[in-house]
Amino acid sequence: MPSGVPLAIFLLPFFSFIVISFIIRPFLNSKPQLSGYITTASIGTSLILSLWVLAEVSSAPGHVLSMPDYEWLAIGDTVIRFGVTVDALAAIMLIVVTSVSLLVQVYSQGYMHGDPGYSRYFAFMSLFTAFMLGLVLADNLVSLYVFWEGVGLCSYLLIGFWFHRPAAARAATKAFLVTRIGDFGFLAAILFLYSKTGTFDIGELHHLALAGAIGGTVLTWAAIGIFSGAIGKSAQFPLHTWLPDAMEGPTPVSALIHAATMVAAGIYLVARMFPVFASSLTAVTTVAAIGGFTAIFAATMALVMNDIKRVLAYSTISQLGYMMLGLGVVGIGVANDAIPLEVGLGLGVAVGIFHLFNHAFFKSLLFLGAGSVNHATGTFDIREMGGLRKVMPWTYITFLIGSLSIVGIWPLAGFWSKEGILDHAWDHQTALFFLAMITVFMTAFYMFRVVFLTFAGEYRGSNAGHSGASAHAPSLRESPLVMVAPMGILAILAVISGWLPVSSFLGGESESFFGALAHPIAWVSMVLAALGILLAYALYSAKWLSSESLRRRFAPLHTLFSRKYWIDELYERVIVVRVLVDGIFVLLNWFDTRIVDGIVNGIAGGTIVAGKGIRRLQTGQLQAYGIAIFVGVLAIVACFLIFG
Amino acid sequence: MTVGLEHFLILSAILFSIGLYGALAKRNAVVILMSIEIMLNAVNIAMVAFSRYGHLITGQVFAIFIMVVAAAEAAVGLAIIIAIYRSRETVDVEKFDLMKW
């Protein structure tokens, strides 16, 4: 394989961005559909090249291809090299990013049809895909950080795509600022590691960490700093607040960036730096604890949301928590020497990334389904939907497959990776295992709550009464083929992606097709999932139980969940307004006006006062000066005579 | 009694002191100018006396220079005094306080 292929995978979408921004947008604005075609074509080519890379990697010894790197920056003695990593992890991520991105671009041509910002949309999408591919290929922390911030920028631009809506503009700013808090820790960790080891190269850092050349405390702090970047990007507690708000962006953006790829960058980062994490028990325990807690914490909020995209957003946070949990528990096993190091490093990456791989397909499918529903009904509120199964059969079937997959029903994709995580959690961290099990039940409940409220029963939308007796209102119809086809392909992937030998390719183990059913944990989780589905059916479809009375019985909990634990209020009203604006900023303002300005003004004032005093000596009377000179001369002469 | 160097120097010192007193104590600008002339001439006497008793021509040359400077100073000084008198109608130096704070 020519060494330019991985670079071409990254550069093609980038050139697409350049062409759209500098040629199509200024000169061919009357033909915006060209932007969509160019983006789709470039990402499609990237997908083909990625498949080539995957084939090469799988036949290479150790699943690693060595690639040349180039000198990028030389600052004094510090030389930053720019190169690409092509190993199993990168190859899998390339496939995930290019395939989901390609399908989302196709879908977007239907979803964004007629939008005045059509070209701008595809320019940003191209740029995002390029940065995401660069992030995956980066072989050192500096270039990784550059692409890391690049995807953050594109996320900002696309969340705020409809910037004339204040909510979208605010959500974009919020996403940018909240992730920045985590990125600060990431940057600090990069510089800290560099100051201790003198290298940015990820491969070298792996060797140093495994050889014990980096001190334990240094390693722990560096890993936690890197993890704080992952917390921000992957919307883990306590920096999860931006992701639900990010749903203000166009739905395909949510599917690509906020479900499949960018939010998974945090998982990818931890997986990429896994040897560093696995060398510190504190670091992996933090990863597992944050992941496990976030999984159940976000799931509780997903139970009560009425906005279909917000349910999916909390579900994404929860599933990302699962991935962190998977990485963390295997890391705990490695750090405790329960798993041999040479097995554990591959296994941890496999457990986390396998779920990322499956999640990318079924979650982007669910988002595209939500977008399709929105395309027909014009709302995201599930209370105003219902009965769409009849008018949107394809959307219904694909959404149902996605839901079954995320819930973890055998033999759909979500089952395989979720079982892996649960198994390892049981082996290495029992407390988090129970949290994860409860989350399985919640996941089933909230997903099927959405399914039943959206697709079952009768249409409850505002235009149901006006335009005919039934749900078959003129505006309610299945989305065009350009939108349904990507959903169909993703639905197939959401079924079969778990059967692919991704896990063993990454260095873990793969279950045999029926062998997985021999595990009791698999049965327990599926029974819990079935109970969740049954409860959702009882409440929202069969109406055996009244959801209203259930809500009244658990009113405090319901309020707690639907107000998102008041965390937004805590951050905005307490931390930002009380602590920062009313507290620290007042103090800093006082310091600035009184101390910093005070010193300058004090010096000026003192000079003026002293000048006012001293100028009285200057009488302007020539004779007075003369006397002074005369007395002075006398004094000098006297001194001369006396001390001579 | 022969007249020696010290007599010239005493004369010079007396004249210089009179001139200095006049320059510092008088209010009339013309008188101050005259006092400065007395001081300059007192110095001239000392210069010429040193030249005579020290057998050096330098003192006499210096005296010539001082006379030239004194003439120029008198011309410029008087011109300034006349200009001030025209604008302020006084030559009292204590009234010349425009540059004062």
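Residues numbered from 1 in each chain as written. Chains lettered and ligands numbered in written order. Predicted model: local features only at pLDDT ≥ 70, side-chain atom pairs only at ≥ 80, totals over all residues. Heavy atoms only, no water.

*Asks:* What is the right way to read the overall build of chain B from this model?
*Replies:* On a plain count of helices and strands, chain B comes out with three helices and zero strands. Against the globule reference of 13 Å for 101 residues, chain B gives a C-alpha radius of gyration of 17 Å, more extended than a compact globule. For chain B, with 101 residues in total, the buried portion stands at 27%. At a minimum sequence separation of 6, the contacts of chain B that also span at least 24 residues come to 57%. In the form shown here, chain B has an accessible surface area of approximately 6,900 Å², with 73% of it arising from carbon and sulfur atoms. Charge separation in chain B, taken as the distance between the mean sites of 7 positive and 7 negative side-chain charges, equals 3 Å. (Helix = DSSP H or I, 4+ residues; strand = E, 2+ residues; numbered from the N terminus. Rg over C-alpha atoms; globule rule 2.2 N^0.38 Å. Buried < 20%, exposed > 50% of the residue type's maximum accessible area, 1.4 Å probe, protein only. Contact = heavy atoms within 4.5 Å. Areas by Shrake-Rupley, 256 points an atom, 1.4 Å probe, with all protein chains shown as cover. Lys, Arg positive; Asp, Glu negative; His and termini not counted. Charge placed at Lys NZ, Arg CZ, Asp CG, Glu CD.)

*Asks:* Just to check I follow, could you spell out the pattern of salt bridges for this structure?
*Replies:* Between side chains of opposite charge, a pair can form when the charged atoms approach closely. Residues and elements named next belong to chain A. A full pass over the atoms with the stated rule returns 19 salt bridges over all chains. Lysine 174 serves as the salt-bridge partner of aspartate 568, at 2.9 Å between the closest nitrogen and oxygen. Linking aspartate 568 in helix α25 (residues 567-614) with lysine 174 in helix α6 (residues 166-197), this pair joins segments that are 394 residues apart in sequence. Accessibility expressed as a relative area gives 15% for aspartate 568, which makes it buried. One salt bridge in this structure joins lysine 174 and glutamate 572, with 3.8 Å as the shortest N-O distance. Here lysine 174 is found in helix α6, whereas its partner glutamate 572 is found in helix α25, with 398 residues between them in sequence. (Salt bridge = Lys/Arg side-chain N within 4 Å of Asp/Glu carboxyl O.)

*Asks:* For this particular structure, what's the right way to read the confidence of the model for chain B?
*Replies:* In regions of low pLDDT, the predicted coordinates are not meant to be interpreted in detail. Taken as a whole, chain B shows an average pLDDT of 90; of its residues, 97% reach a score of 70 or greater. With a pTM of 0.79, the predicted complex shows an ipTM of 0.79. (pLDDT = per-residue confidence, 0-100.)

*Asks:* How do you make sense of the interface of chain B and chain A when you look at a structure like this?
*Replies:* In many analyses, interface size is given as the accessible surface area lost on bringing the parts together. Listed per partner, the contact involves 13 residues of chain B and 10 residues of chain A. For the chain B and chain A pair, buried surface summed over both sides reaches about 910 Å², with 56% attributable to carbon and sulfur atoms. Across the chain B-chain A interface, the total number found is zero salt bridges. Between the two partners, chain B and chain A, sit three residue pairs in polar contact (both at pLDDT 80 or more). Here the side of chain B that touches chain A gets four residues from one element, more than from any other, and that element is helix α1 (residues 5-25) of chain B. A breakdown of the residues in the side of chain B that touches chain A according to their chemical character gives eight nonpolar, no polar and five charged. (Buried area = accessible area lost by both parts, 1.4 Å probe. Polar contact = N/O pair within 3.5 Å; in protein donor to acceptor, adjacent residues only side chain to side chain. Nonpolar A, V, L, I, M, F, W, Y, C, P; charged D, E, K, R; others polar.)

*Asks:* Help me understand unusual backbone geometry, please; the structure alone is not making it clear to me.
*Replies:* For residues that are not glycine, phi is negative in most cases, and the peptide bond is trans in most cases. Look at the link from Phe237(A) to Pro238(A): it is a cis peptide, with omega at 5°. Its location among the elements puts Pro238(A) in the loop between α8 (216-233) and α9 (242-245). Cis peptide bonds are those with omega within 30 degrees of zero, and the linkage from Trp410(A) to Pro411(A) qualifies with 0°. The topology assignment puts Pro411(A) in the loop between α17 (393-407) and α18 (413-428). Even without a glycine there, the phi angle at Lys543(A) is positive, about 60°. Along the polypeptide, Lys543(A) turns up in the loop between α22 (520-541) and α23 (547-553). A positive phi angle is found at His55(B), which is not glycine, with a value near 55°. Within the secondary structure layout, His55(B) lies in the loop between α2 (29-54) and α3 (58-88).

*Asks:* When you look at the pairing of strand β3 (residues 78-82) of chain A in this model, what are you seeing that I'm missing?
*Replies:* On a regular strand, one side chain projects to one face of the sheet and the next to the other, so that they alternate. Residue and element names in this part refer to chain A. Across five bridges, strand β2 (residues 70-75) lies against β3 in antiparallel orientation. Bridge assignment links isoleucine 75 to a residue of β3, and that residue is threonine 78. Counting the residues in the hairpin turn of β2 and β3 gives two residues, including glycine 76, whose phi is positive at 60°. (Pairing = 2+ DSSP bridges.)

*Asks:* What is the right way to read the confidence of the model for chain A from this model?
*Replies:* All names here are of chain A. With 98% of its residues at a pLDDT of at least 70, chain A reaches an overall mean of 87. Per-element confidence in chain A is highest for helix α5 (residues 141-159), whose mean pLDDT is 92, and lowest for β3, whose mean pLDDT is 79. In the predicted structure, residues 464-474 sits below a pLDDT of 50 and forms nine contacts with residues beyond four places in sequence or in another chain.

*Asks:* Hey, could you run me through the environment of Gly203(A) in this one?
*Replies:* Residue and element names in this part refer to chain A. Here glycine 203 lies in helix α7 (residues 202-210). For glycine 203, a relative accessible area of 31% translates into the label partly exposed. In this structure, the C-alpha to C-alpha distance between glycine 203 and proline 275, residues 72 residues apart in sequence, is 9.8 Å.

*Asks:* Whenever I open this one, the packing of helix α4 (residues 118-137) of chain A against α5(A) confuses me. Can you help?
*Replies:* For any two helices packed against each other, the geometry comes down to the angle between their axes and how far apart the axes lie. All names here are of chain A. α5 packs onto α4 with a crossing angle of 155° between their chain directions and a minimal axis gap of 8 Å. Taken together, the axes of α4 and α5 are roughly antiparallel relative to one another. Like other packed secondary-structure pairs, α4 and α5 cross with a definite hand, here left-handed. Contacts from Tyr121, Phe124, Met125, Leu127, Phe128, Phe131, Met132, Gly134 and Leu135 of α4 reach α5 at Leu144, Phe147, Trp148, Gly150, Val151, Cys154, Leu157 and Leu158. Of the residues in the contact of α4 with α5, the class split is 15 nonpolar, two polar and no charged. (Axes fitted to C-alpha atoms, helices over the stretch in contact; angles between N-to-C directions. Parallel < 35°, antiparallel > 145°, perpendicular 65-115°, else oblique. Left-handed = near helix turned anticlockwise from the far one by under 90°.)

*Asks:* Is there a simple way to think about the environment of Ile38(B) in this case?
*Replies:* Turning to its location among the elements, Ile38(B) is positioned in helix α2. With residues up to four places along the chain from it excluded, the contact list for Ile38(B) reads Leu15(B) and Gly19(B).

*Asks:* It is not clear to me how the packing of aromatic side chains should be interpreted in this structure. Could you clarify?
*Replies:* Geometrically, a pair of aromatic rings is defined through the distance of the ring centres and the angle of the planes. For the structure shown, the criterion picks out 33 aromatic pairs over all chains. Arranged with centres 5.9 Å apart and planes meeting at 70°, the rings of Trp72(A) and Phe82(A) form a pair that is edge-to-face. In this pair, Trp72(A) sits in strand β2 while Phe82(A) sits in strand β3, placing the two residues 10 residues apart along the sequence. Considering the side-chain rings of Phe161(A) and Trp162(A), the 5.9 Å spacing of their centres and the 65° angle between planes classify their relative orientation as edge-to-face. Aromatic ring contacts, followed pair by pair, group Phe10(A), Phe14(A), Phe17(A), Trp72(A), Phe82(A), Phe131(A) and Phe147(A) into a single cluster. The lysine or arginine in question, Arg52(B), covers the ring of Tyr53(B), its NZ or CZ lying 5.7 Å from the ring centre. (Phe/Tyr/Trp six-rings, centres within 6.5 Å; stacked < 30°, edge-to-face > 60°. Lys NZ or Arg CZ within 6 Å of the ring centre and 35° of its normal.)

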